[in-house]
Amino acid sequence: MSSLPQHIAIVMDGNGRWATQRMLPRVAGHKRGVDALRACVRHCGEIGVGVLTVFAFSSENWNRPPEEVSGLMELLAVALSREVPQLKIDGVRMHFVGDRASLSERVREGLEQAEAATAGNTKLIFNICFNYGGRWDIAQAAARLAASHQPITEASLHSAMAMSHVSDPDLLIRTGGEQRISNFLLWQAAYAELYFTDLLWPDFNEAALDAAIADYAGRERRFGKTSAQVASPASARPERQSMLSRWVA
Ligand code: IPE
Ligand code: IPE
Ligand code: MG
């Protein structure tokens, strides 16, 4: 197993608390969160991570005060116009994952332009989950399969889901101290290694990402097997199996 996760997913949490601690409006925390994200994307590209997926706005975040929701929409539009030119140069391919139907036309156009501008890039796939929920994704995939009379299997659901263009995340990081999934990647995180840090997202930097990756490197991913099988696949040989079966009888 490679010690470098090929796909890292992040719940970027703690922007609001970061701002409140400094007597700033919550949106100031979100702005600093964009700075932290820029550094994180760059670092992933530098160290050879193939896919970075971040949770930027959940299906449930519409329930926040209207001024925070509109601040987040505005911030997305501004950040895209500022950041996309450099991301394009850096070889980053952007994908927006989530329900676009309820986004304003301005935001939708921004997403489409960012995706089109970076479509030829191959160095790092950068998925931004915006108006995304894991339940939404599973439900929309099932509905599409049902509408086209296709059987519902793990494979068909996977290919109908909004993240079908990438492999499942290896490492799922959540900043901000909470230890929950909050409707992120419910299907895809089935075997992700989970990493929680108390750092608030605006304080998350390259060293913090390196620490998460180092922690991941020390994990044993078993995918349902035993530790011995993972250490040496030969330990699962049939002749050994029959020897061991004596103990079960
Ligand atoms: C995460 O930070 C960003 C979004 C959900 C948009 P929060 O805004 O949730 O920050 P806290 O959890 O209130 O500190
Ligand atoms: C999860 O954070 C969503 C994003 C980071 C975009 P929340 O702050 O919305 O999650 P809860 O409400 O604490 O579970
Ligand atoms: Mg939060």
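Just above sits the structure.
Residues numbered from 1 in each chain as written. Chains lettered and ligands numbered in written order. Predicted model: local features only at pLDDT ≥ 70, side-chain atom pairs only at ≥ 80, totals over all residues. Heavy atoms only, no water.

Peer 1: How should I be thinking about the nonpolar core in this particular structure?
Peer 2: Note that soluble globular proteins tend to have their nonpolar side chains buried in a common cluster. Ranked by size, the top nonpolar core spans 40 residues in total, and within it Ile8, Ile10, Leu52, Met94, Phe96, Phe126 and Ile173 carry the most contacts. The element that contributes the greatest number of residues to this core is helix α3 (residues 66-89), accounting for seven residues. The next biggest cluster of nonpolar side chains, apart from the first, holds 14 residues, and it includes Val51, Cys129, Val166 and Phe184. (Core = buried A, V, L, I, M, F, W, Y, C linked by side-chain atoms within 4.5 Å. Buried < 20%, exposed > 50% of the residue type's maximum accessible area, 1.4 Å probe, protein only. Helix = DSSP H or I, 4+ residues; strand = E, 2+ residues; numbered from the N terminus.)

Peer 1: For this particular structure, what's the right way to read α3?
Peer 2: Since there are 3.6 residues in each turn of an α-helix, residues three or four apart along the chain are aligned in direction. Relative to the 34 Å expected for 24 residues at 1.5 Å per residue, α3 spans 35 Å between its end C-alpha atoms, a close match to the ideal helical length. At Glu83, α3 shows its maximal kink, close to 45°; a proline, Pro85, follows between one and four residues later. (Expected span 1.5 Å × (residues − 1). Bend = angle between axes of the 7 residues up to and from the residue.)

Peer 1: Would you explain the site of ligand 2 in this entry?
Peer 2: Lining the immediate surroundings of ligand 2 are Val11, Met12, Asp13, Phe55, Ala56, Phe57, Asn61, Arg64, Arg174, Arg180 and Ser182. The side chain of Arg174 places a nitrogen or oxygen atom 3.3 Å from an oxygen atom of ligand 2. (Near = heavy atom within 4 Å. Polar contact = N/O pair within 3.5 Å; in protein donor to acceptor, adjacent residues only side chain to side chain.)

Peer 1: Could you clarify how one ought to interpret the packing of aromatic side chains in this entry?
Peer 2: Here a ring pair, both rings aromatic, is described through the centre-centre distance and the interplanar angle of the planes. Counted by the stated rule, this structure contains eight aromatic pairs. For the ring pair Phe55 and Tyr132, a centre distance of 5.8 Å and an interplane angle of 85° mean the geometry is edge-to-face. Of this pair, Phe55 sits in strand β2 (residues 51-58) while Tyr132 sits in strand β4 (residues 124-132); the two residues are 77 residues apart in sequence, bridging distant segments of the chain. For the pair shown, Phe55 and Tyr132 are each scored as buried. Ring centres 6.2 Å apart and planes at 75° place the aromatic pair Tyr132 and Trp136 in the edge-to-face group. (Phe/Tyr/Trp six-rings, centres within 6.5 Å; stacked < 30°, edge-to-face > 60°.)

Peer 1: Which parts of the structure should I look at to understand the site of ligand 1?
Peer 2: Ligand 1 sits among 13 residues. The nearest are Asp13, Gly16, Arg17, Arg26 and Arg64. Here an oxygen atom of ligand 1 sits 2.7 Å away from a polar atom, N or O, in the side chain of Arg17. Here ligand 1, which alone exposes 380 Å², has 88% of that area covered by the protein. Counting residues per element, the ones that place at least two in the shell around ligand 1 are α1 (15-21), α2 (26-47) and α3. Among the elements that make up the shell around ligand 1, the one with the highest residue count is α1 (three residues). For the shell around ligand 1, a count of residues per class yields three nonpolar, five polar and five charged. (Areas by Shrake-Rupley, 256 points an atom, 1.4 Å probe, with all protein chains shown as cover. Nonpolar A, V, L, I, M, F, W, Y, C, P; charged D, E, K, R; others polar.)

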